[in-house]
Amino acid sequence: SDQAYEIKKACQHLQTRPQVEYPFDILPSHKLTGRLFGKQAKDTYFMLRDDVVYMNHGAFGATPIPVFDTYQEWQREFEREPVQFMSGNYFSYLYDNIIALSDFIGADPEDVHLVENATTACNTVLKSLDYTVESNIVHVNGYGAVNNAIKQISEKKGIEYRTISDDPPIDIENLLLMWEEYIDDNTTLCVIDHISSTNAFVYPIEKFIEIAHNRGKPVLVDGAHTVGQIDINMREIGLGYLYIILTNQRC
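The following paragraphs examine the structure supplied in this document.

Calculation rules
- Residues numbered from 1 in each chain as written.
- Predicted model: local features only at pLDDT ≥ 70, side-chain atom pairs only at ≥ 80, totals over all residues.
- Heavy atoms only, no water.
- Buried < 20%, exposed > 50% of the residue type's maximum accessible area, 1.4 Å probe, protein only.
- Helix = DSSP H or I, 4+ residues; strand = E, 2+ residues; numbered from the N terminus.
- Pairing = 2+ DSSP bridges.
- Right-handed = clockwise from strand over helix to strand, strands pointing away.
- Axes fitted to C-alpha atoms, helices over the stretch in contact; angles between N-to-C directions.
- Contact = heavy atoms within 4.5 Å.
- Polar contact = N/O pair within 3.5 Å; in protein donor to acceptor, adjacent residues only side chain to side chain.
- Parallel < 35°, antiparallel > 145°, perpendicular 65-115°, else oblique.
- Left-handed = near helix turned anticlockwise from the far one by under 90°.
- Nonpolar A, V, L, I, M, F, W, Y, C, P; charged D, E, K, R; others polar.

This part covers the pairing of strand 1 (residues 136-140). Among the 5 residues of strand 1, 5 are classified as buried, and the element is accordingly described as predominantly covered. Relative to strand 2 (residues 160-164), strand 1 is paired through 5 bridges, and the arrangement is parallel. Within the sheet, the bridge partner assigned to H139 lies in strand 2 and is T163. Since strand 1 and strand 2 lie parallel, the crossover through helix 7 (residues 144-157) that links them has a hand, and here it is right-handed.

On to the sheet that holds strand 4 (residues 219-223), then. The strand order across the open sheet built from 5 strands is 2-1-3-4-5, with neighbouring strands paired in parallel fashion. Every other strand in the sheet has two partners, leaving strand 2 and strand 5 (241-244) as the edge strands with one partner each. The mean angle between the axes of side-by-side strands here comes to 15°, regardless of whether they run parallel or antiparallel. Set on the sheet, helix 6 (residues 118-126) makes contact with strand 1, strand 3 (187-193), strand 4 and strand 5; between it and strand 5 the angle comes to about 165°.

A few words now on the side chain of S135. In this fold, S135 is placed in the loop between helix 6 and strand 1. Owing to a relative accessible area of 5%, S135 belongs among the buried residues under this scheme. Only 2.8 Å separates the side chain of S135 from the backbone nitrogen of T132, close enough to count as a polar contact. Setting aside residues no more than four positions away along its own chain, S135 makes contact with I159, E160, N186 and T188.

Two numbers describe how helix 8 (residues 172-182) lies on helix 9 (residues 205-214): the axes approach to 10 Å, and their chain directions differ by 20°. Here helix 8 is positioned roughly parallel relative to helix 9, judged by the angle of their axes. For the pair helix 8 and helix 9, the sense of crossing is right-handed. Two secondary-structure elements touch here, helix 8 through I172, E173, L175, L176, W179 and E180 and helix 9 through K207, F208, I211 and A212. Residue composition of the contact of helix 8 with helix 9, by class: 7 nonpolar, no polar and 3 charged.

Here it is, written out as structure tokens:
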């Protein structure tokens, strides 16, 4: 994206994580009391009403209080001197975050890009690839916006998309066989969830990636629900494309 290009251009002289001096404590340790679950976590970390049991973190909200406070502090910092903020350490802050994130997911910093949301990330990958009239995309049925993006690019390019159903009960061995059967010499991209948004099933993505790589095909993993729940190292599993959400996972 243009944003990612500008970030890296502005910080191209930085070979390691920059020594960035933040204007405030970006995540005060006194606000974090350890790993809590259930009602204790809700009462400690969230602003939810007592009568609300929130189960939709994969869509939007509810933001943990320490994160929300930090988010507001960044807004205040910007409003104190907008021009200085944008022309000062803005790109260094972003680059520092890129390097921290790349360490967290086992990726190279130059391969990590910040975009608005998961749908943008998915479309960025789909629209960046070269297709021919013989091309096809193989995917395990996933999140609605992802399914729609695959359908849209396939119809626009006049190519085939091959959908593997994830209807329960899930037979992982059968899914792997279908995945292997659907991938052929004309497959341009293979797409699969890490944690399914439709049924919360955790796919053994290493096995799916291995099959695709044996055919020389790249894999895009929808990791919108991965970070914070499952450790992932892109280098170790040879993952070509991964998109994640960092704003709405924890409750």
